[in-house]
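Breakdown of the fold
What follows is each chain in one-letter form.
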Amino acid sequence: MDPVRNPYAPGAGQRPPELAGRDRELRQFEVVLERVARGRPERSMVVTGLRGVGKTVLLNTFKSMAMQRLWGTGKIEARPDQSIRRPVAAALHMAIRELAPRHRAPERIEEFLGVLKAFAMRDPAAAKGTSHWSPGIEVPASRGRADSGDLEIDLTELFVDAASVATDLGVGIALFIDEMQDVQAADVSALCAACHELSQSGGPLIVVGAGLPHLPSVLSASKSYSERLFRYARIDKLDRDAADLALILPAREEEVEFTQEALDALYEAADGYPYFVQAYGKVAWDLAPRSPITIEDVKVSAPEAEEELAVGFFGSRYERATPAERDYMHAMAQIGDEPVATAEVADALGRKPSSLSPARDSLIKKGLIYSAERGLIAFTVPHFGRFLRAQPI
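Computed from a prediction, not measured in an experiment: that's the story for all the values here.

**What to know about the domain arrangement of the protein chain**
- Entries for the protein chain in the domain assignment read domain 1 (22–234), domain 2 (238–317) and domain 3 (321–390).
- In this structure, domain 2 and domain 3 have C-alpha centres spaced 30 Å apart.
- On the domain 3 side, the residues contacting the ten residues of domain 2 number seven residues.
- At the boundary of domain 2 with domain 3, total buried surface from both sides reaches about 730 Å², with 76% on carbon and sulfur atoms.
- The tally of links between domain 2 and domain 3 comes to zero salt bridges.
- Linking domain 2 to domain 3 there are one residue pair in polar contact (both at pLDDT 80 or more).

**Notes on helix α5 (residues 151–169)**
- For α5, which comprises 19 residues, the first-to-last C-alpha distance of 27 Å matches the rise-based estimate of 27 Å (1.5 Å per residue) to within 8%.
- All buried positions along α5 are accounted for by Leu151, Asp154, Leu155, Thr156, Leu158, Phe159, Asp161, Ala162, Ala163, Val165 and Ala166.
- In the core, the buried residues of α5 are packed alongside α3 (85–99), α4 (106–121), β3 (173–178), α6 (185–201) and β4 (205–211).
- Between the side-chain oxygen of the N-cap and the backbone nitrogen of Glu152 there are 3.0 Å, and the N-cap of α5 in question is Asp150.
- Two residues or fewer past α5, Gly170 is found with a positive phi of approximately 70 degrees.

Cut-offs and rules
Think of each chain on its own: its residues are numbered from 1, step by step along the sequence as written. Per-residue local features of the predicted model are confined to residues with pLDDT of at least 70, and side-chain atom pairs are confined, for both listing and counting, to 80 or more; whole-chain, interface and lining totals are unaffected and use all residues. Heavy atoms throughout the structure, all of them, feed into the side-chain values; hydrogens and water do not. For the purposes of this description, domain bounds are those given by an automatic or database domain assignment. Here, residues are in contact when the closest pair of their heavy atoms is within 4.5 Å. Take the accessible area each of two parts loses on contact, using a 1.4 Å probe, and add the two losses: that sum is the buried area. The term salt bridge refers to a pairing of a side-chain nitrogen on Lys or Arg with a carboxyl oxygen on Asp or Glu at a separation within 4 Å. Polar contact is the term for a pair of N or O atoms within 3.5 Å; when the atoms are in protein, one must be able to donate a hydrogen and the other to accept it, and sequence-neighboring residues count only if both atoms are side-chain atoms. Put simply, DSSP H or I for four residues or longer makes a helix, DSSP E for two residues or longer makes a strand, and each gets a number counted from the N terminus. The length a helix should cover is 1.5 Å for every residue beyond the first. Each residue is placed in one exposure class: buried if its accessible area under a 1.4 Å probe, protein chains only, is under 20% of its type's maximum, exposed if it is over 50%, and partly exposed if it falls in between.

And the structure:
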């Protein structure tokens, strides 16, 4: 088999050759785009799921769909140590640059860019109206709009003004936020408030977020109305038919087939998780001598795929944990793969639950575990428990 023609693409946020099993979410977003285009009220959207299920891929696909409709688009990746003020400013700057060539009133664009610059430069930690950072906008910063220093007020005014520019063109603006669970608590509150104002005014600007399974609880802890503010889509592993399609269709483009037994073995190994499907499919292709790819090829290639996952997908995350955090995760893994009670982890370690809070909270901040519900925790990475059980304690 020619490795150059290998169609499979395991990678962070890298779109697979066949985006199988996500038709429902794509239809949902198509409805959102169409309703906003027609001036209908519509909620922003949040996609949640474990690592490796394709959230970022779906977010990027949504962005492409919006661009095809000539919307303005911008994307950020949230970081727990960074305010969203400047990343959002840069993303909306990109969105407006996409719309500006089609706008018949350049002064309207310059007016908004002045507001955007004022918003970006308004650092509450600095003296009023000063900043050492420039957003690369050549027009003068406006005064008295989106520059109060209160992010909730400023973000709301900025979103309203951006939506007004999009309204002039009869299109919308979509702001995409990856790793949304890492947005700081105060910024989440501001983001929800700005989206709430837009939902009431009907402005054609939507926020599309992607994050870990506990993201809805992060949003609801910020604003009680967030349950009604967003359209939630939880994505999980692929069913058997979708997982098979993800393998079969790209191979067929290269005139390569799989035996049924090979597909059975690949599904058992990957358990339907999109990243694993791509990882096992890629190595099976590289090591198979010819088409069709057989169960023997899968058996030969599986150890190499598992080694690559152990180093890149699991190991890189494990290495980020401190010894105390690793002990905590090992205890979780020994209890089982389903969400486990924090009290059970404490019992397994012979410790009081309160003494383990720092390790648990740090693991949550590092994105290695999440709070499935009150008193329960789970790994953010599928099969992570299995990986840990194979590691020396």
